[in-house]
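Given next are the chains, with one letter for each unit.
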Amino acid sequence: MPNLGVAIVRQYQRGVVFRFGKLRNVRNPGIRFMIPFADRMWKVSLRTVTMPIPSQQVITRDNVSIGVAAVAYFRRVDPVKSIVEIEDVSSAIDQIAQTTVRNVVGRSLLDQVLTDTETLNTQIKDILDGLTQQWGIYVLLVELKDIELPAAMQRAMARQAEAEREKRAKIIAAEGEALSANRLAEAADVISDHPIALQLRNLQILAEIAAEKNSTIVFPAQFLESVRALTRFVEGEAGKRAASAPELRTRREPVGSGSSVPV
């Protein structure tokens, strides 16, 4: 039908018309009429294209060989350039994308590739977008989707992660011990000032043992000492009360005919 002068351009397409091999114009969506046998139309899709970038071996800057696969999203924004400037735009983008991914990843350290992929994606996208503008292509997004590590490197990273977790666990345990020691020291100061607190604690321990329905009850070694301390404490408290109680003392002095007045 294009050779007979009639063509249908869909909504997502643009028609680039050549007349006797020379660029004529670009036709919008709809039914378009041309001069039969003189005009020829090339339809260009403006939809976004998803292009997978196959996995390839890359050596990082710290000499680690990894496999990297990615995916690129692009679309044609200039139908004329995508036909006139390059023969096969999809194949060209595929090749330049593989090269760009290999170059950008090769200039990076392994840790950066694993943890800072967003920065690498932005760098690859900017490079591709700058190269493909002359072809009428706009690169929307590039994502590293799969990173393959050697088995030996995976085991080494696993050991490193395990050692890091053990280090954090030991630090947390040491901090807990230090905090517990401080609290025990404060408790010891309180008990030394109030010996009755130790006896109450002993009784609480006995109650906890009895709750388990055990047939054997173990008395702490300082139980008798606690009893003696309790006795001394009670006697001391009684002596303090006796010393602080007001005492009524009477003193008699002679007044007049020998009568006495209490003072």
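The shown structure was predicted, so the numbers you read here are calculated from the model rather than taken from an experiment. (Residues numbered from 1 in each chain as written. Predicted model: local features only at pLDDT ≥ 70, side-chain atom pairs only at ≥ 80, totals over all residues. Heavy atoms only, no water.)

Focus on the sheet that holds strand β2 (residues 13–19)
So, point 1. Read from one edge to the other, the open sheet built from three strands follows the order β3-β2-β5, with strand pairing classed as antiparallel. Of all strands in the sheet, those bounded by a partner on one side alone are β3 (22–27) and β5 (39–45). Between one strand and the next, the sheet's axes are offset by a mean angle of 25°, whatever the strand orientation.
So, point 2. Summarising the sheet, β2 and β3 pair through five bridges and their orientation is antiparallel. Bridging across to β3, F18 finds its partner in L23. (Pairing = 2+ DSSP bridges. Helix = DSSP H or I, 4+ residues; strand = E, 2+ residues; numbered from the N terminus. Axes fitted to C-alpha atoms, helices over the stretch in contact; angles between N-to-C directions.)

Concerning the confidence of the model for the protein
So, point 1. When pLDDT is averaged across the protein, the result is 80; 81% of the residues are at 70 or more.
So, point 2. At the low end of the mean pLDDT range in the protein sits strand β10 (residues 259–262), at 44; at the high end sits strand β7 (residues 65–76), at 92.
So, point 3. For the stretch residues 248–263, pLDDT sits under 50, and the model shows 12 contacts to residues farther than four places along the chain or on other chains. (pLDDT = per-residue confidence, 0-100. Contact = heavy atoms within 4.5 Å.)

Some thoughts on the pattern of salt bridges
So, point 1. Evaluated as defined, the whole model comprises three salt bridges.
So, point 2. With its nearest N and O atoms 3.3 Å apart, the salt bridge here joins K167 to E164. Pair noted here: K167 and E164 are both in helix α5 (residues 151–193), with a separation of three residues, about one helical turn.
So, point 3. On the basis of relative accessible area, K167 is assigned to the partly exposed category, the value being 43%.
So, point 4. By relative accessible area, which is 33% here, E164 ends up partly exposed.
So, point 5. Here R168 ties to E164 by a salt bridge, and the two come within 3.8 Å at their closest N and O atoms. Taken together, the residues R168 and E164, both in helix α5 and four residues apart, mark about one turn of the helix.
So, point 6. Each of E164, K167 and R168 takes part in a single network of salt bridges with overlapping partners. (Salt bridge = Lys/Arg side-chain N within 4 Å of Asp/Glu carboxyl O. Buried < 20%, exposed > 50% of the residue type's maximum accessible area, 1.4 Å probe, protein only.)

Some points on unusual backbone geometry
So, point 1. In the Ramachandran plot, F20 falls in the positive-phi region, its phi being about 55° despite a non-glycine side chain.
So, point 2. Tracing the sequence through the fold places F20 in the loop between β2 and β3.
So, point 3. We note that F37 has phi near 65°; this positive angle belongs to a residue other than glycine.
So, point 4. With respect to the helices and strands, F37 occurs in the loop between β4 (30–33) and β5.
So, point 5. Judged by its relative accessible area of 70%, F37 is exposed.

Considering a nonpolar patch on the surface
So, point 1. On the surface, V77, Y138, L140 and L141 cluster together into a nonpolar patch covering about 310 Å² of accessible area.
So, point 2. Along the chain, L141 falls in strand β8 (residues 137–148). (Patch = residues over 30% accessible without salt bridge, like charges linked within 9 Å, V, L, I, M, F, W, Y side chains within 5 Å. Areas by Shrake-Rupley, 256 points an atom, 1.4 Å probe, with all protein chains shown as cover.)

A look at the side chain of D129
So, point 1. Looking at the element boundaries, D129 is found in helix α4 (residues 117–132).
So, point 2. The charged side chain of D129 is buried without a salt bridge, its nearest counter-charge being K125 at 4.3 Å.
So, point 3. Residue contacts for D129: discarding those within four places in its chain leaves I137, Y138 and V139. (Lys, Arg positive; Asp, Glu negative; His and termini not counted.)

Focus on the packing of helix α2 (residues 89–106) against α4
So, point 1. Interhelical geometry of α2 versus α4 gives an angle of 140° and a closest axis separation of 10 Å. Relative to α4, the element α2 is oriented oblique. Crossing handedness for the pair α2 and α4: right-handed. The segment α2 lies against α4, with I93, I96, A97, T100, V101 and V104 engaging L120, Q123, I124, I127, L128, L131 and T132. (Parallel < 35°, antiparallel > 145°, perpendicular 65-115°, else oblique. Left-handed = near helix turned anticlockwise from the far one by under 90°.)

Re the pairing of strand β1 (residues 6–9)
So, point 1. Judged by which residues are buried, β1 turns out to be one-sided: A7 and V9 face inward and are buried, whereas V6 and I8, on the alternate face, are not.
So, point 2. In the sheet, β1 pairs with β4 via four bridges, with the strands oriented antiparallel. Considered in β4, the bridge of I8 is made with I31.

Concerning the nonpolar core
The nonpolar side chains of a soluble globular protein tend to be buried, and buried together.
So, point 1. Formed by 28 residues in total, the largest nonpolar core has its most connected members in I66, V68, I93, V101, V105, I124 and L144.
So, point 2. Of all elements in the fold, only β6 (49–59), β7, α2, α3 (110–115), α4 and β8 reach the threshold of two or more residues within this core.
So, point 3. With seven residues, α2 is the single largest residue contributor to this core.
So, point 4. Contact partners of I124, with chain neighbours within four places excluded, come to T100, V101, V104, V142 and L144.
So, point 5. One finds A7, V17, M34 and M41 within the second-largest nonpolar core, a separate group that totals five residues. (Core = buried A, V, L, I, M, F, W, Y, C linked by side-chain atoms within 4.5 Å.)

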